[in-house]
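The chain contents come next:
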Amino acid sequence: MNLPDIRNDNVAWFLDSAAVVQETAEQIMKDFAMFGITITFSGNTDQAYRELHEQLVDQIRHLLANDYQRLLSVLYQVDITQREITQAGLDLPDYNEMEVLAHQIIVRDLKKVLTRRYFKSQG
């Protein structure tokens, strides 16, 4: 098993496993809960990306308007770089700034899940 090569154009492919989707949703919920922000997941793996993306966009919109510092703290916790945000903006020209950030949060937490799974399978 190789480390996964997750790009903005292949995220859906990695979200084909219910277990991976659930773990990714749990990681997102955990990252946001650290800052008192509730993200929920219904468990519907077919709609997971849209469900999580919409909630993240709403939270990002709220934080941009009311608590920019907390938004920066969340992004730091999730570990998203400016370079990744810029690249996602180029890869996803139909997404606005908040949608790009929400997408990158999902991508980054998916990478965390897949990386943990990779190293667990090696040991």
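The following refers to the structure shown. Quantities reported herein were computed from a predicted structural model and do not represent experimental measurements.

One way to put it is that helix H2 (residues 18-33) packs onto helix H6 (residues 97-122) with a least axis distance of 9 Å and a crossing angle of 120 degrees. Looking at the two axes, H2 sits oblique to H6. Both H2 and H6 take part in a crossing whose hand is right-handed. Residue-level contacts link Ala19, Val20, Glu23, Thr24, Gln27, Ile28, Asp31 and Phe32 of H2 to Ile105, Ile106, Asp109, Leu110, Lys112, Val113, Leu114, Arg116 and Arg117 of H6. Grouping the amino acids of the contact of H2 with H6 by side-chain chemistry returns nine nonpolar, two polar and six charged.

Let us look at the environment of aspartate 5. If you trace the backbone, aspartate 5 turns up in the segment before helix H1 (11-14). Note on aspartate 5: relative accessible area 47%, which makes it partly exposed. Remark: the alpha-carbon pair of aspartate 5 and leucine 114, spanning 109 residues in sequence, is separated by 9.9 Å.

Moving on, we get to the pattern of salt bridges. Counted according to the given criterion, the structure contains six salt bridges. Note that aspartate 67 and arginine 70 form a salt bridge whose closest N and O atoms lie 3.1 Å from each other. For arginine 70, a relative accessible area of 25% corresponds to the partly exposed category. Aspartate 79 is the salt-bridge partner of arginine 108, the closest N and O atoms lying 3.1 Å from each other. Taken together, the residues arginine 108 in helix H6 and aspartate 79 in the loop between helix H4 (68-78) and helix H5 (82-91) connect sequence positions 29 residues apart. Shared partners join several salt bridges into a network, and the residues in it are Asp31, Asp109 and Lys112.

Empty space among the atoms becomes visible once a probe the size of a water molecule is rolled across them. If you add up the space inside the second largest pocket, you get close to 160 Å³. The wall of the second largest pocket is formed by Leu64, Tyr68, Leu71, Leu72, Leu75, Ile80, Thr81, Gln82, Ile85, Glu97 and Leu101. Sorting the residues of the lining of the second largest pocket by element identifies H4, H5 and H6 as the ones contributing at least two each. A class-by-class count of the residues in the lining of the second largest pocket yields eight nonpolar, two polar and one charged.

The rules behind the values
- Residues numbered from 1 in each chain as written.
- Predicted model: local features only at pLDDT ≥ 70, side-chain atom pairs only at ≥ 80, totals over all residues.
- Heavy atoms only, no water.
- Axes fitted to C-alpha atoms, helices over the stretch in contact; angles between N-to-C directions.
- Helix = DSSP H or I, 4+ residues; strand = E, 2+ residues; numbered from the N terminus.
- Parallel < 35°, antiparallel > 145°, perpendicular 65-115°, else oblique.
- Left-handed = near helix turned anticlockwise from the far one by under 90°.
- Contact = heavy atoms within 4.5 Å.
- Nonpolar A, V, L, I, M, F, W, Y, C, P; charged D, E, K, R; others polar.
- Buried < 20%, exposed > 50% of the residue type's maximum accessible area, 1.4 Å probe, protein only.
- Salt bridge = Lys/Arg side-chain N within 4 Å of Asp/Glu carboxyl O.
- 1 Å grid on protein atoms, 1.4 Å probe; cavity = no way out; pocket = protein on both sides within 12 Å on 5 of 7 lines; lining within 4 Å.
- Points joined across faces, edges and corners; volume = space filled by probe spheres on them.

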